[in-house]
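# Breakdown of the fold
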Amino acid sequence: MSVVSKVESLWRYPVKSMRGEELEELFAGYAGVYGDRLFAFESAASPKGFPFLTGREQRQMVRYRPRFRDPEKAARPVNQGEAEKLSPNLNPISADVSELMIDVETPDGKTFPIDDPALIDNLRLNIDDKHQLTLLRSDRAMTDCRPLSIFAVQTARKLGDETGVAVDKRRFRANVYVDLTNADGFAEDQFVGRSLRIGSKVTVAVLQRDARCMMIVLDPDTAEKTPAILKQVAQAHEGMAGVYGAVLVEGTIRKGDPVELLD
């Protein structure tokens, strides 16, 4: 075993394609990060295989800020402490739906409950009328691919060097940003097919590299486009940046935790 990085920051995205929130710690479960992508908007104009409205269609979506009404209930499974006292092998349970409700602040400062039809009207401004929207909710994180995404801050810096553009790591919407110990950007690719222990307990199987789409061209604060970033990822890095993993052992990850390569 060797320490290959430490946790630089932790993020979750309560509503798919909206602004993320930085956390000091998060619970990584088999179904994904607790409280991550609980909600999404289904669009009648999107393909059935990927039915969501995202920043691809409504780029201002990345500027909408979701907030849990009860941050304490949203921080971790409701019986995590009790479950861990009984056995390290028990799976804790999620809070009740009513305890994980969200309000969303729009870019123009209005605030709506996540299930308010007026929020849908706001999201549909300036996009094709074909996007008839329906709110979705799931206890399983509605991620694009795998339950957990990992991204090295060195990778953002390398892309900045390659493009001559300041590259904000938040463009990549990862759950766990790591600071590599002795490696350059894109070195997290070497974790694919291996397992990591993050902190004292959480174990993650790194399954594949993360194929990137136009979402990374959107500035997380302004939603303005910088196409050069996606072009560089496509041309120099096979369209990949960061890695995806599946959680093998559930638990809490904290900012600053060591990341060990197990095999």
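I will try to describe carefully the structure that is included in this document. (Residues numbered from 1 in each chain as written. Predicted model: local features only at pLDDT ≥ 70, side-chain atom pairs only at ≥ 80, totals over all residues. Heavy atoms only, no water.)

## Overview of helix α4 (residues 153–163)
The periodicity of an α-helix, 3.6 residues per turn, causes residues three or four places apart in sequence to face the same way. The test is simple: Accessible area is worked out with a 1.4 Å probe on protein chains only. A residue is then buried under 20% of its type maximum, exposed over 50%, and partly exposed in between. Helix numbering and strand numbering both begin at the N terminus, where a helix is a DSSP run of H or I of at least 4 residues and a strand a DSSP run of E of at least 2. Note on contacts: a residue pair is in contact if any heavy atoms of the two residues lie within 4.5 Å.
Within α4, the full set of buried residues consists of Val 153, Gln 154, Thr 155, Ala 156, Leu 159 and Gly 160. The inward-facing, buried residues of α4 contact β1 (2–12), β10 (148–152), β11 (176–180) and α5 (227–236). Directly after α4, the chain includes Gly 164, whose backbone phi takes a positive value near 75°.

## Points about unusual backbone geometry
It is generally the case that most residues other than glycine have a negative phi and that most peptide bonds are trans. Phi is positive for Asn 126, which is not a glycine, with a value near 65°. With respect to the helices and strands, Asn 126 occurs in the loop between α3 (117–123) and β9 (133–137). Assessed through its relative accessible area of 82%, Asn 126 is described here as exposed. We note that Arg 173 has phi near 50°; this positive angle belongs to a residue other than glycine. By secondary structure assignment, the location of Arg 173 is in the loop between α4 and β11.

## A word on α5
Counted only if it meets this: As used here, the arc belongs to the directions running from the helix axis to the C-beta atoms.
Taken as a whole, α5 has its buried residues at Ile 229, Gln 232 and Val 233. Buried positions in α5, seen along its axis, are confined to an arc of 100° and lie on one side of it. Relative to its buried face, α5 has exposed residues pointing more than 90 degrees away, namely Pro 227, Lys 231 and Gln 235. Tucked into the core, α5 has its buried residues touching α4 and β14 (240–249). Once α5 ends, the next one or two residues include Glu 238, with phi positive near 60°.

## Re the sheet that holds strand β7 (residues 102–105)
Put simply, the rule reads: Should DSSP find at least two bridges between two strands, the strands are regarded as paired. Simply put, an axis is a line fit to the C-alpha atoms, just over the touching stretch for a helix, and the angle between two N-to-C directions goes from 0 to 180 degrees.
With antiparallel pairing, the 3 strands of this open sheet are ordered in space as β6-β7-β8. Each end of this open sheet is capped by a strand with a single partner; those strands are β6 (65–68) and β8 (111–113). Taking each pair of neighbouring strands and ignoring which way they run, the sheet shows an average axis angle of 25°. Relative to β7, β6 runs antiparallel, the two sharing 4 bridges. Directly across from Pro 66, in β7, lies its bridge partner Val 104.

## Topic: the side chain of Thr 143
Worth spelling out the cut-off: Under the rule applied, a polar contact is a pair of N or O atoms within 3.5 Å (in protein, one hydrogen donor and one hydrogen acceptor; residues adjacent in sequence only if both atoms are side-chain atoms).
Along the chain, the position of Thr 143 falls in the loop between β9 and β10. Here Arg 146 takes part through its backbone oxygen, which lies 3.0 Å from a polar atom of the side chain of Thr 143. Excluding residues that lie within four positions of it along the chain, Thr 143 makes contacts with Lys 16, Asp 36 and Arg 37.

## A few points about the nonpolar core
As a reminder, the rule being used: Joining through side-chain atoms within 4.5 Å is the link that ties buried Ala, Val, Leu, Ile, Met, Phe, Trp, Tyr and Cys residues into a set, and such a set is a nonpolar core.
Within the largest apolar cluster, 25 residues are counted, with the highest numbers of intra-cluster contacts made by Ile 150, Val 176, Leu 196 and Ile 253. Secondary structure elements with two or more residues in this core: β1, β3 (25–29), β10, β11, β12 (195–198), β13 (202–211), β14 and β16 (258–261). Beyond its immediate stretch of four places on either side in the chain, Val 176 contacts Val 7, Ser 9, Leu 10, Leu 148, Ser 149, Ile 150, Phe 151 and Ile 253.

## Digging into the sheet that holds strand β15 (residues 251–254)
Spatially, the 3 strands line up as an open sheet ordered β4-β3-β15, and their pairing is antiparallel. Of all the strands in the sheet, the pair left with one neighbour each is β4 (32–33) and β15. The sheet contact formed by β3 and β4 spans 2 bridges and is antiparallel. The residue of β4 that forms the bridge with Gly 29 is Gly 32.

## A short note on the pattern of salt bridges
Quick note on the threshold: Salt bridge, as used here, is a side-chain nitrogen of Lys or Arg placed within 4 Å of a carboxyl oxygen of Asp or Glu.
Here the structure, examined in full by the defined rule, presents 24 salt bridges. Between Arg 67 and Glu 105 there is a salt bridge, with the nearest N and O atoms lying 2.8 Å from each other. One end of the pair, Arg 67, is in strand β6; the other, Glu 105, is in strand β7, and 38 residues separate them in sequence. Residue Asp 103 is joined to Arg 69 by a salt bridge in which the shortest nitrogen-to-oxygen separation is 3.2 Å. Remark: Arg 69 occurs in the loop between β6 and α1 (71–75) and Asp 103 occurs in strand β7; sequence separation between them is 34 residues. Judged by relative accessible area, which is 24%, Asp 103 ranks as partly exposed.

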